[in-house]
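Observations on the three-dimensional arrangement
Here are the chains, one letter per residue:
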Amino acid sequence: MISYTFSATVTNCQSISQSYFGSFMGSLEKQVHNVGGIVYAVDESTLFIKNFTYDGQAPDAYFWAGSTRSPDSSGFIIPDEYGS
């Protein structure tokens, strides 16, 4: 299983544009499959990933979340908008 992590350090940053995306959390670390993007916390249950990139070559793609640097079986898969 491949997991992607991002820095969870919240900083005070100026948005590049006048648009508000939420509180800046960090960037996705490009480990494999050209995954990238900038992560924002919109609210308690919503993440927004700006400029998301992915090469589409992995057999399955999903996001893991948890309280460790690299989420593992103690974490959980973030469901999509359909709950799966």
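Heads up: these notes are all about the structure in this document.

Quick notes on the rules
Throughout this document, residue positions are counted from 1 along each chain, in the order its sequence is written. Under the rules for a predicted model, residues below a pLDDT of 70 receive no local features and side-chain atom pairs below 80 are neither given nor counted, while totals for whole chains, interfaces and linings still include all residues. Hydrogens and waters are ignored; side-chain quantities use all the structure's heavy atoms. Secondary structure elements are taken from DSSP: a helix is a run of H or I of four residues or more, a strand is a run of E of two residues or more, and numbering for both begins at the N terminus. For the exposure calls, accessible area comes from a 1.4 Å probe over protein chains only, and a residue counts as buried if that area is under 20% of its type's maximum, exposed if over 50%, partly exposed in between. Contact between two residues is taken to exist if any of their heavy atoms lie within 4.5 Å; hydrogens are not considered. Residues counted as positive are Lys and Arg, residues counted as negative are Asp and Glu, and His and the chain ends are not counted. A side-chain nitrogen of Lys or Arg and a carboxyl oxygen of Asp or Glu constitute a salt bridge if their distance falls within 4 Å. By the convention used here, strands pair only if DSSP detects at least 2 bridges between them. A fitted line through C-alpha atoms serves as each axis, taken over the contacting stretch for helices, and the angle formed by two N-to-C directions is quoted from 0 to 180°. Here the aromatic set is Phe, Tyr and Trp, taking the six-membered ring for Trp, and pairing holds for ring centres within 6.5 Å; pairs whose planes are under 30 degrees apart are stacked, those over 60 apart are edge-to-face, and all others are tilted.

When helices and strands are tallied, the protein chain shows 0 helices and 5 strands. N-terminal to C-terminal, the α/β element order of the protein chain is β-β-β-β-β. Burial status across the protein chain gives 21% buried among its 84 residues. Long-range pairs, those at least 24 residues apart, make up 24% of the contacts in the protein chain with a sequence separation of at least 6.

Take the side chain of Lys50 next. In this structure, Lys50 sits in strand β3 (residues 46–53). The buried charged residue Lys50 lacks any salt bridge, with Asp43 as its nearest oppositely charged partner at 18 Å. Setting aside chain neighbours within four positions, we find Lys50 in contact with Phe21, Gly37, Ile38 and Tyr40.

Moving on: the sheet that holds strand β2 (residues 36–43). Sheet architecture is open: 3 strands sit in the order β1-β2-β3, paired in antiparallel fashion. Of all the strands in the sheet, just β1 (23–27) and β3 have a single pairing partner and so form its edges. Averaged over all pairs of adjacent strands, the angle between their axes in this sheet comes to 25 degrees, without regard to strand direction.

In this structure the tally under the stated criterion is 5 aromatic pairs. Plain terms: the ring middles of Tyr40 and Phe48 are 6.4 Å apart, the flat faces sit at 45 degrees to each other, and that makes the pair tilted. The exposure class assigned to Phe48 is partly exposed, which follows from its relative accessible area of 33%.

Looking now at unusual backbone geometry. Positioned with a positive phi, His33 is a non-glycine residue whose angle comes to about 55 degrees. Tracing the sequence through the fold places His33 in the loop between β1 and β2. Accessibility expressed as a relative area gives 22% for His33, which makes it partly exposed. Not every positive phi belongs to a glycine, and Asn34 is a case in point at roughly 55 degrees.

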